[in-house]
Amino acid sequence: ASLDGGGLLNEGGVVTLSDSVVENNIAPNGAGILNDGTMILDDVTVRNNTADEFVGNVSICSDCAGGGILNLSVMTMTNSMIHGNTADFGGGIDNAAMADLTATNITVYNNTATNTNSQGGGIENLGVMAVTGSEIHTNTARNGAGIFNEGTLTVSSSDVHDNVASGRGGGFHNTFSLTVQTSNIYDNQAGSGGGGGISTDSGTVVLDRSAVYNNFATGSGGGIVNNVDPVTGANSFTITNSTISGNSTAGQGGGLRSAGSAVTTLNNVTFNNNTSTVVNGQSISILAGSMTAKNTIIAISGSGTNCSGTLTSQGRNIVSDNTCHLTGTGDLTNANPRLGALQNNGGPTLTHALLLGSPALDSGSGCPAVDQRGVARPFGPACDRGAYEYDQVVLRVYLPFVVRP
């Protein structure tokens with residue numbers, strides 16, 4: 001089709017679509033569905049649509065958006081699947097500037113953004129968008145293979161995994177306002193731009209009660225890269241009650257990489273078993289910018305060092321070597337934090353439990369009200385360092401002491 005909205009076009013109306021399949025359509029924008037009114041989708045599958053335009057057999061499209069869905073106004077989606085769609089931008093879903101999209105229990109997978117500067121294999125958000133209880137996986141793009149955000153985006157209780165970006169941000173790439181809470185970000189890949197799990201270069205990012213694990217980047221920041229673009233301005237990244245584990249990079253900063261004038265704040269974060277080809281800064285690599293840490297555990301089990309660059313302590317951190325050079329109140333260096341395996345210890349995301357005898361037990365100060373799992377802090381005389389609050393009652397049996405002749 002040469003007109004937008006190949007499968008369904010809503011121009012200013014109020015439309016409810018349920019228990020339906022929209023498939024195999026071609027249009028320049030919104031190949032499956034284009035909404036410019038108010039639309040409710042429930043139990044809808046949008047699949048195998050292509051945002052493109054042809055003259056004869058030659059594609060003339062370089063910025064076609066919304067392979068599955070292009071939302072220009074107000075949309076609510078529930079219990080729906082978006083897969084196998086293709087566009088230059090927003091392979092699965094494109095939420096335009098000034099648009100508002102609320103998505104609950106959706107699955108966005110196997111979508112592709114094909115432009116050499118493509119953004120948002122699964123989702124491109126330029127407006128306001130909230131995603132809850134959803135799964136974003138196996139999408140591909142140049143930047144932001146799972147989700148590219150240039151608007152205001154909140155992702156809650158969701159899994160973002162197995163997305164592949166040839167440039168930056170396998171799971172997410174952010175340039176404005178991103179909040180991720182109670183979510184798992186894992187097994188994503190990024191190219192030379194870095195940020196296997198999350199890449200951000202401007203705006204504000206909040207990562208709360210979430211797990212970033214087993215992501216990989218050819219560039220720096222296997223788990224996360226916080227790198228300010230000098231043109232777009234300052235960036236802040238706050239990580240609270242979260243686990244960053246098992247990420248790797250062929251560059252620097254297996255867990256977290258900071259560059260430019262980035263500002264990063266760590267509160268009750270657990271870093272464990274992150275690796276990088278550059279041996280200095282396996283957990284955290286700070287090329288530039290500022291980073292503070294409080295009640296945070298930073299540990300590696302292999303060779304190399306935990307930190308490179310300047311990490312400023314706000315107290316009560318534990319580091320498995322002395323390379324973070326922390327000298328704040330209660331900081332412990334060359335200390336084994338005694339962490340369990342990364343697994344489901346309750347709650348919506350994976351954590352490293354604290355084992356008996358851990359120096360993190362009852363030694364934190366000023367922790368958040370709950371831990372990563374939602375367990376109330378403190379459990380005991382004081383809160384625990386890191387993302388996990390030990391909440392098991394240890395029973396002791398005292399036997400009588402008998403002296404025999």
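Refer to the preceding data block for the structure.
Residues numbered from 1 in each chain as written. Predicted model: local features only at pLDDT ≥ 70, side-chain atom pairs only at ≥ 80, totals over all residues. Heavy atoms only, no water.

A. Highlighting the pattern of salt bridges. Within this structure, the stated rule accounts for five salt bridges. One salt bridge connects Arg373 with Asp371, and the closest N-O pair in it is separated by 2.9 Å. A relative accessible area of 0% means that Asp371 is categorised as buried. Where Arg373 meets Asp391, a salt bridge forms, and the shortest distance between an N and an O atom there is 3.7 Å. With a gap of 18 residues between them, Arg373 in the segment after β46 (351-354) and Asp391 in the segment after β46 connect regions that are remote in the sequence. When its relative accessible area of 10% is taken as the criterion, Arg373 is described as buried. By relative accessible area, which is 27% here, Asp391 ends up partly exposed. (Salt bridge = Lys/Arg side-chain N within 4 Å of Asp/Glu carboxyl O. Buried < 20%, exposed > 50% of the residue type's maximum accessible area, 1.4 Å probe, protein only. Helix = DSSP H or I, 4+ residues; strand = E, 2+ residues; numbered from the N terminus.)

B. Representation of the side chain of His173 within the structure. Of note, His173 is situated in strand β23 (residues 172-174). Those residues in contact with His173 that lie beyond four places of it in its chain are Asn143, Gly144, Ile147, Phe148, Asn149, Arg168, Ser199, Thr200 and Asp201. (Contact = heavy atoms within 4.5 Å.)

C. Representation of the pairing of strand β40 (residues 290-294) in the model. With five bridges joining them, strand β36 (residues 263-267) and β40 adopt parallel strand pairing. Its bridge partner being in β40, Asn267 is matched across the sheet by Lys294. Of the strand pairs in this sheet, β40 and strand β43 (residues 312-313) are connected by two bridges, and their pairing is parallel. The partner of Thr292 across the bridge, within β43, is Thr312. (Pairing = 2+ DSSP bridges.)

D. How the structure looks around the environment of Ala99. Counting through the fold element by element, Ala99 comes out in the loop between β12 (93-95) and β13 (100-109). Apart from the residues within four sequence positions on either side, Ala99 is in contact with Asn71, Leu72, Ser73, Gly127 and Val128.

E. Examining the environment of Gly170 more closely. Looking at the element boundaries, Gly170 is found in the loop between β22 (164-165) and β23. Separated by 150 residues in the primary sequence, Gly170 and Ser320 have C-alpha atoms spaced 29 Å apart. Beyond its immediate sequence surroundings of up to four residues, Gly170 is in contact with Ala145, Gly146, Asn163, Ala165, Asn188, Gln189, Ala190, Gly195, Gly196 and Gly197.

F. Focus on the nonpolar core. Ranked by size, the top nonpolar core spans 50 residues in total, and within it Met77, Phe172, Ile284 and Leu311 carry the most contacts. Here Met77 is in contact with Leu41, Ile69, Ile82, Ile93, Leu101, Thr102, Ala103, Thr104 and Ile106, once residues within four sequence places are set aside. If you look at the next biggest cluster of nonpolar residues, it comprises nine residues, including Leu339, Leu354, Tyr388 and Tyr390. (Core = buried A, V, L, I, M, F, W, Y, C linked by side-chain atoms within 4.5 Å.)

G. A look at the state of the cysteines. On inspection of all chains with the given rule, the structure shows three disulfides. Disulfide pairing places Cys61 opposite Cys64 at an S-S distance of 1.2 Å. Looking along the S-S bond of the Cys61-Cys64 disulfide, the torsion reads about 75°, which is the right-handed sense. Per residue, the accessibility class of Cys61 equals that of Cys64, and both read buried. Covalently, Cys307 is tied to Cys324 through a disulfide, its sulfur atoms 1.9 Å apart. Looking down the S-S bond of the Cys307 and Cys324 bridge, the torsion is 65°, so its handedness is right-handed. Here Cys307 is found in strand β42 (residues 307-308), whereas its partner Cys324 is found in the loop between β44 (318-319) and β45 (339-343), with 17 residues between them in sequence. (Disulfide = S-S within 2.5 Å.)

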